[in-house]
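Structural features, examined
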Amino acid sequence: TAYNGVDGALLFSRSTDAGVTWDIVNQQPTGFTSANYLGFGGDAYAITAKGSTVAIVAGDSDSDVGLAKSTDGGVTWTYTTVYQFPLNLWDYTTTTSDVDADAVADTINTTDGNFGIALDNTGKAYVAFGAYRLLNDAPSASGYSYFPYTDGLYLWNEGMPAYTHANNASW
């Protein structure tokens, strides 16, 4: 069911008394909204916390990957793009993977949708995820083609620019 226009929306809730009460319930962190995402798979996120810093990474193989980070225990959030998928709000059921608008489907270097996240002692976030390649030359509800032997691991931290289709095309 869609929540605020996002299928499988990512929501944050917080209890400061081991679950007796909840002072934040079903908050949609900044950036993880319908402006940036169509939806999320059940395992397409990771979360970590250290002190009052909370960091969430989410995305999928056919969407951007983003980091929502709070330094006040989830009251306010900032959003940073970690990986920018080349087709904004791409719907593989209706559109090919034509990145350069030449009417030919392109193979896209992207993420595998599995994430790890950690915070160092200064609160800086580090994100890791696997490499993946996809191609959609025949849109349908059954999905797109992928390359299961794609090999690689992305590592990103808050001091780096977002990965894009252009800057990861060499592998």
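Residues numbered from 1 in each chain as written. Predicted model: local features only at pLDDT ≥ 70, side-chain atom pairs only at ≥ 80, totals over all residues. Heavy atoms only, no water.

1. Considerations on the overall build of the protein chain
Worth spelling out the cut-off: Helical segments are the DSSP runs of H or I of at least four residues, strand segments are the runs of E of at least two, and each set is numbered from the N terminus. Taken over C-alpha atoms, the radius of gyration is set against a globule rule of 2.2 Å times the number of residues to the power 0.38. Residues are treated as being in contact if the distance between any of their heavy atoms lies within 4.5 Å. Computed with a 1.4 Å probe, the accessible areas rest on the Shrake-Rupley method; for each residue, only the protein chains presented here act as cover. The convention is simple: Lys and Arg are positive, Asp and Glu are negative, and His and the chain ends are not counted. Think of each charge as sitting on NZ of Lys, CZ of Arg, CG of Asp or CD of Glu.
The number of helices and strands found in the protein chain is zero helices and 13 strands. When the elements of the protein chain are put in sequence order from the N terminus, they spell out β-β-β-β-β-β-β-β-β-β-β-β-β. At 17 Å, the protein chain has a C-alpha radius of gyration in line with the 16 Å of a compact globule built from 171 residues. Taken along its principal axes, the extent of the C-alpha atoms in the protein chain is 55 × 35 × 25 Å. A sequence separation of at least 24 residues applies to 53% of the contacts in the protein chain between residues at least 6 apart. Of the roughly 8700 Å² that the protein chain leaves accessible, carbon and sulfur atoms contribute 51%. Distance between charge centroids for the protein chain: 15 Å, based on 5 positive and 18 negative side chains.

2. Concerning the layout of surface pockets
Here is the rule: Points on a 1 Å grid, built from protein atoms alone, make a cavity when a 1.4 Å probe fits but cannot get out and make a pocket when they are open with protein on both sides within 12 Å along at least 5 of 7 lines; residues with an atom within 4 Å of a point are the lining residues. Grid points are joined across faces, edges and corners, and a volume is the space filled by probe spheres set on the points. Amino acid classes used here: Ala, Val, Leu, Ile, Met, Phe, Trp, Tyr, Cys and Pro are nonpolar; Asp, Glu, Lys and Arg are charged; the rest, including Gly, are polar.
Roughly 310 Å³ of volume is contained in the largest pocket. Within the lining of the largest pocket, the residues separate by chemical class into eight nonpolar, six polar and five charged.

3. Considerations on the pattern of salt bridges
Rules: Here, a salt bridge means any Lys or Arg side-chain nitrogen found within 4 Å of an Asp or Glu carboxyl oxygen. For the exposure calls, accessible area comes from a 1.4 Å probe over protein chains only, and a residue counts as buried if that area is under 20% of its type's maximum, exposed if over 50%, partly exposed in between.
What the rule picks out here adds up to two salt bridges. Ionic pairing is found between Asp23 and Arg14, a salt bridge with its closest N-O pair at 2.4 Å. Residue class for Asp23 comes out partly exposed when judged on its relative accessible area of 45%. On the basis of relative accessibility, which here comes to 19%, the residue Arg14 falls in the buried class.

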